[in-house]
Amino acid sequence: MTQLSLKRLLRKKDIQFVLDQLAGAIAHPFCIQDTSGQVQMGTELASLPNRYPIELDGQCLGWVLGYDDSAAIAHLLSMLAHRELSQKQLARETLDRYKEITLLYDISEKITAQLDLQSVAELVLEEARKIIPGDRGAVILHQLEPGATARSVTDRVISDDTPELDGALVGVMSTPTPLGNGQIGNSQIGNSQKNAEPQEGVALAAATDPELVPNDRTEAGTFEAIAHFGLDVANPPIEGVAPLLSTIPAMPVEMTPGAGILGQVFSSGNGEIVNHVQGDRRCQQAEQGYDALVCAPLKTQERVLGLIVLGSSGSRKGLDSSTLTSYSAGDLKLLNALASQAAAAIENALLHKKELREARIKSNLERYVPAQLVQAILEAKDDISLAPNRKNITILFSDIRNFTSHCERLEPELIVGYLNEYFSHMVDIIFTHEGTVNKFVGDMIVALFGAPSPMPASEQQAIETAIAMQRCIQSFPLAWIRDNFHTGIGLSAGRVIVGNIGSPQHSDYTAIGDEVNTASRLQAIAKGGQILVSRNVYEATRHLFSFKSMGTLTLKGKRRAIEVFEVQY
Amino acid sequence: MAKKILIVDDEPHIRLLIEQALEDLEDQDVELMTATNGREALQLIQDELPQLVFLDVMMPHMNGFEVCSVVKHDLNLPDIYIIMLTAKGQEFDKKKGQEVGADLYMTKPFDPDELVEKAIATLGLDAI
């Protein structure tokens with residue numbers, strides 16, 4: 001409430017000027033007295049017969065003491081007081097708006113510099129608290145993945161990644177979701193809230209009852225307060241001490257799109273003010289604990305990411321209705337402005353997280369396939385498919401002769417060290433020749449040429465790789481490897497099934513077919529330093545390399561004898 | 001002796017809101033004055049000798065830098081504390097500010113509370 005005192009009014013230079021003029025113009029003397037009886041202008045004379053009030057909105061600011069002609073002065077001052085007050089109110093309003101603009105400028109600068117989801121949410125909530133009163137609040141995000149919290153996602157490794165299953169998670173709210181970093185699952189939160197404030201399990205039932213789950217499958221998922229204050233009934237904030245938001249773990253929120261006040265804000269994308277929450281028939285679990293709330297959606301052009309809510313629980317603290325927080329349209333407007341900034345920043349943070357994830361996938365993938373191939377897979381060229389299908393490829397098997405006997409002579413740690421050194425050199429060679437490392441089995445390497453991306457001269461590439469591998473070992477920088485790792489290599493080519501083979505939980509990108517077995521058998525009979533190839537490899541590359549026919553051999557597990565050639569290098 | 005603060009800005013709403021922000025200082029016998037352009041400001045500075053001036057940089061006729069330079073150098077009034085106000089997006093020319101002898105600069109939209117703090121600190125007043 002803007003106040004105006006007589007003293008302040010009379011301090012105005014233009015008003016002082018007018019009064020001085022009037023004092024000279026009218027016939028009788030006058031003086032101006034405030035409500036405490038202090039003279040603010042003129043000299044109080046006992047002879048002044050009348051007292052005319054200076055009024056502002058029915059309130060008396062003081063008096064003009066004088067004769068009949070002083071009445072006009074009192075009227076004039078009343079009018080000037082009214083004008084001054086209006087101007088002050090306007091100025092106060094301008095100042096408030098200006099503070100808000102400053103805040104929005106400030107926050108947009110701060111949050112656009114933030115790429116971490118958690119930090120963005122905390123920052124937004126902290127800023128919101130500065131301008132909107134309340135003892136509780138949260139930034140709630142809609143998660144399509146169960147338990148995919150800001151923190152747990154970043155901590156995950158590639159093998160744990162599950163695809164985002166839109167709508168396939170109906171009913172997940174009733175089951176405790178595994179959350180990382182010691183976060184608490186849904187059921188525990190539900191219990192702790194129930195202990196503190198005995199409630200009917202309305203919201204819980206609504207969430208688990210399939211009848212009540214909206215048909216719109218894209219709207220399923222979980223809600224999580226990634227930043228919040230005053231909600232954690234188990235750890236109430238210390239009075240007068242602002243809790244560090246960053247120390248508060250994310251917390252699941254029991255809410256359903258379209259149901260409850262928060263759920264409706266989420267579904268409709270329109271913010272709301274509810275100043276008597278417990279009297280609102282939509283009130284559900286998520287709104288328990290609030291007496292009044294103001295809630296704005298975190299909305300981007302495409303979708304509603306979640307919401308930001310601020311509220312108070314005054315009555316729980318024994319406050320009477322006159323001191324309870326009551327939100328205004330101005331609060332909502334401000335929160336909406338804040339929320340739209342926040343939504344943009346949150347979306348940025350989510351995109352950044354996605355990019356990080358892709359980068360991690362990429363770096364993991366690059367351990368198996370050459371970098372350029374990873375890029376090709378990521379860019380999803382049409383001719384690269386990871387689904388099993390028939391492909392013409394050349395398969396390379398390489399194995400260290402008498403590896404087990406070497407192992408017996410050395411400490412296991414030492415052997416692993418040598419093996420890693422050896423593998424990294426071999427994988428480099430395979431990648432340089434655009435081969436794909438299919439797997440390591442003990443000391444054995446299996447590589448594919450022509451999968452997942454087609455390779456016109458896969459036989460040639462494979463032989464060049466094999467020769468480079470043998471030469472590398474013969475001139476290996478570590479003497480022990482040079483002296484002890486003698487490898488036999490077997491190559492075969494033909495049409496096999498290649499692709500991701502396995503179960504949805506675990507699959508290997510691998511090749512299956514007769515030629516795979518042939519390559520494996522050839523490797524098994526190759527002596528150290530030897531490269532043995534099947535007839536089809538020989539046929540494709542006879543003009544490029546020199547070969548020595550090894551005649552026809554019957555390989556283990558094979559009914560028919562096959563022709564074997566040794567590459568002369 | 002009353003302490004004086006001069007607010008110089010060609011935009012009425014900025015003058016109004018600085019006045020409003022500083023209004024409570026009037027209870028500590030601080031007089032607030034306003035000027036709408038550089039020339040008027042210079043006149044008031046010479047006549048009233050305010051202790052503190054909030055001076056907008058971008059003004060018609062005579063800009064803030066010119067006013068500041070005249071006050072600090074030509075009129076030889078280095079003790080008048082001058083806070084330059086610069087609009088967001090217009091990079092404040094710090095070198096020029098230093099040359100003309102400005103004591104501080106604030107970017108609009110400034111935080112009104114910060115403005116009051118600065119005034120209190122400069123004039124050695126009690127916190128509100």
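Rules behind the numbers
- Residues numbered from 1 in each chain as written.
- Chains lettered and ligands numbered in written order.
- Predicted model: local features only at pLDDT ≥ 70, side-chain atom pairs only at ≥ 80, totals over all residues.
- Heavy atoms only, no water.
- 1 Å grid on protein atoms, 1.4 Å probe; cavity = no way out; pocket = protein on both sides within 12 Å on 5 of 7 lines; lining within 4 Å.
- Points joined across faces, edges and corners; volume = space filled by probe spheres on them.
- Helix = DSSP H or I, 4+ residues; strand = E, 2+ residues; numbered from the N terminus.
- Nonpolar A, V, L, I, M, F, W, Y, C, P; charged D, E, K, R; others polar.
- Pairing = 2+ DSSP bridges.
- Axes fitted to C-alpha atoms, helices over the stretch in contact; angles between N-to-C directions.
- Phe/Tyr/Trp six-rings, centres within 6.5 Å; stacked < 30°, edge-to-face > 60°.
- Buried < 20%, exposed > 50% of the residue type's maximum accessible area, 1.4 Å probe, protein only.
- Lys NZ or Arg CZ within 6 Å of the ring centre and 35° of its normal.
- pLDDT = per-residue confidence, 0-100.
- Contact = heavy atoms within 4.5 Å.
- Buried area = accessible area lost by both parts, 1.4 Å probe.
- Salt bridge = Lys/Arg side-chain N within 4 Å of Asp/Glu carboxyl O.
- Polar contact = N/O pair within 3.5 Å; in protein donor to acceptor, adjacent residues only side chain to side chain.
- Parallel < 35°, antiparallel > 145°, perpendicular 65-115°, else oblique.
- Left-handed = near helix turned anticlockwise from the far one by under 90°.
- Core = buried A, V, L, I, M, F, W, Y, C linked by side-chain atoms within 4.5 Å.

Overview of the layout of surface pockets
- Here the second largest pocket defines a volume of roughly 790 Å³.
- Around the second largest pocket sit 27 residues that line it, and A:Lys12, A:Lys13, B:Glu19, B:Glu26 and B:Leu32 are the ones nearest its centre.
- When contributions to the lining of the second largest pocket are tallied by element, the ones reaching two or more residues are helix 1 (6–11), helix 2 (13–25) and helix 3 (70–112) of chain A together with helix 1 (12–22) and strand 2 (30–35) of chain B.
- For the lining of the second largest pocket, the per-class residue count stands at eight nonpolar, three polar and 16 charged.

Some remarks on the sheet that holds strand 5 (residues 104–108) of chain B
Residues and elements named next belong to chain B.
- Strand order in the open sheet made by the five strands is 2-1-3-4-5, with parallel pairing throughout. The open sheet is flanked by strand 2 and strand 5, the only strands paired with a single partner. Strand-to-strand, the axes of this sheet are offset by a mean angle of 20 degrees, without reference to chain direction.
- Strand direction decides the pairing type here: strand 3 (residues 52–56) and strand 4 (residues 81–87), joined by five bridges, are parallel. Across the sheet, the residue bridging to Leu55 is Met84, located in strand 4.

A short note on the pairing of strand 14 (residues 487–502) of chain A
Residue and element names in this part refer to chain A.
- For strand 11 (residues 389–400) and strand 14, the ladder comprises twelve bridges, and the chain directions are antiparallel. Across the sheet, the residue bridging to Leu396 is Leu491, located in strand 14.
- As defined by bridge partners, strand 14 adjoins strand 16 (residues 531–534) across three bridges and the pair is classed as parallel. Counted as the bridge partner of Gly490 is Leu532 from strand 16.
- Examined bridge by bridge, strand 14 and strand 15 (residues 507–512) share six bridges and lie antiparallel to one another. Within the sheet, the bridge partner assigned to Val498 lies in strand 15 and is Ala511.
- As consecutive antiparallel partners, strand 14 and strand 15 are separated by four residues.

Concerning the packing of aromatic side chains
Residues and elements named next belong to chain A.
- Applying the stated criterion across every chain, the model contains ten aromatic pairs over all chains.
- Taking 6.0 Å as the distance between ring centres and 65 degrees as the angle between the ring planes, the aromatic pair formed by Phe403 and Phe485 counts as edge-to-face. Highlighted residues: Phe403 in helix 11 (residues 403–409) and Phe485 in the loop between helix 14 (479–484) and strand 14, separated in sequence by 82 residues. No difference in accessibility class separates Phe403 from Phe485, as the two residues are buried.
- With centroids separated by 6.5 Å and ring planes inclined at 80 degrees, the aromatic side chains of Phe545 and Phe547 adopt a geometry described as edge-to-face. The residues Phe545 and Phe547 share a single accessibility class, namely buried.
- What links up through ring pairs into an aromatic cluster is the set Phe403, Tyr418, Tyr422, Phe423, Phe440, Trp480 and Phe485.
- Above the ring of Phe229, the side-chain terminus of Arg129 is found at 3.7 Å from the ring centroid.

Focus on the confidence of the model for chain B
- When the pLDDT values of chain B are averaged, the result is 88; 97% of them are 70 or greater.
- For this predicted complex, the interface confidence comes out at an ipTM of 0.71, alongside a pTM of 0.52.

Topic: the environment of A:Ile361
Residue and element names in this part refer to chain A.
- Note that Ile361 resides in helix 9 (residues 329–365).
- Using a relative accessible area of 23% as the deciding quantity, one classes Ile361 as partly exposed.
- Sequence-wise, Ile361 and Val374 are 13 residues apart; in three dimensions their C-alpha atoms are separated by 9.5 Å.

A short note on the interface of chain B and chain A
- Taken together, the contact pairs 18 residues of chain B with 15 residues of chain A.
- Together, the buried faces of chain B and chain A total about 1600 Å²; carbon and sulfur atoms form 55% of this surface.
- Summed over the shared surface of chain B and chain A, the number is eight salt bridges.
- Viewed at the interface, chain A and chain B are joined by five residue pairs in polar contact (both at pLDDT 80 or more).

Let's talk about the side chain of A:Arg136
Residue and element names in this part refer to chain A.
- Mapped onto the elements, Arg136 comes out in strand 5 (residues 136–143).
- Among the residues examined, Arg136 registers a relative accessible area of 11% and is labelled buried.
- At 3.3 Å, the side chain of Arg136 and the backbone oxygen of Gly230 are in polar contact.
- Not counting the four nearest positions on each side in its chain, Arg136 is found in contact with Phe229, Gly230, Leu231, Gln288, Gly289, Tyr290, Val309, Leu310, Gly311, Ser312 and Ser313.

Comments concerning the pattern of salt bridges
- The full count for this structure, using the stated rule, is 24 salt bridges over all chains.
- Across the pair B:Glu31 and A:Lys13 runs a salt bridge, and its minimum N-O distance is 2.7 Å. With one member in each of two chains, B:Glu31 in strand 2 and A:Lys13 in helix 2 form a pair that bridges those chains.
- With its nearest N and O atoms 2.9 Å apart, the salt bridge here joins A:Glu127 to A:Lys110. Taken together, the residues A:Glu127 in helix 4 (residues 117–131) and A:Lys110 in helix 3 connect sequence positions 17 residues apart.
- Using a relative accessible area of 3% as the deciding quantity, one classes A:Glu127 as buried.

What about the sheet that holds strand 9 (residues 292–299) of chain A?
Residues and elements named next belong to chain A.
- Spatial strand order, 7-6-5-10-9-8: six strands in an open sheet with antiparallel pairing. The sheet terminates laterally at strand 7 (251–253) and strand 8 (272–274), the two strands that pair on one side only. For this sheet, the mean angle separating the axes of adjacent strands, direction not counted, is 25 degrees.
- Sheet topology places strand 5 next to strand 6 (residues 222–229); seven bridges connect them, and they run antiparallel. Considered in strand 6, the bridge of Ile140 is made with Ala225.
- Packed onto the sheet, helix 4 meets strand 5, strand 6 and strand 10 (304–312) and runs at close to 55 degrees relative to strand 6.
- In this fold helix 9 packs onto strand 5, strand 8, strand 9 and strand 10, with an angle of close to 35 degrees to the strand it touches most, strand 9.

Describing the packing of helix 3 of chain A against helix 9 of chain A
All names here are of chain A.
- In contact at an axis separation of 10 Å, helix 3 and helix 9 are set at 10 degrees when each is read in the N-to-C sense. On the basis of the axis angle, helix 3 is roughly parallel to helix 9. Crossing of helix 3 against helix 9: the hand is right-handed. Across from Glu100, Leu103, Leu104, Ile107, Ser108 and Ile111 in helix 3, the residues of helix 9 making contact are Leu334, Ala337, Leu338, Gln341, Ala342 and Ala345.
- Grouping the amino acids of the contact of helix 3 with helix 9 by side-chain chemistry returns nine nonpolar, two polar and one charged.

Comments concerning the nonpolar core
Residues and elements named next belong to chain A.
- Ranked by size, the top nonpolar core spans 41 residues in total, and within it Tyr422, Phe485, Leu491 and Val533 carry the most contacts.
- A total of ten residues in this core trace back to one element, the largest contributor, which is helix 12 (residues 412–432).
- Not counting the four nearest positions on each side in its chain, Tyr422 is found in contact with Ser398, Ile400, Asp443, Ile445, Ile473, Phe476, Ile481, Phe485 and Thr487.
- Residues Leu125, Leu141, Ile226 and Leu310 belong to the second largest nonpolar core, which totals 34 residues.

Side note on the environment of B:Leu123
Residue and element names in this part refer to chain B.
- Turning to its location among the elements, Leu123 is positioned in helix 5 (residues 112–123).
- By relative accessible area, Leu123 is classed as buried at 6%.
- Sequence separation of Leu123 and Val30 is 93 residues, and the distance between their C-alpha atoms is 9.2 Å.

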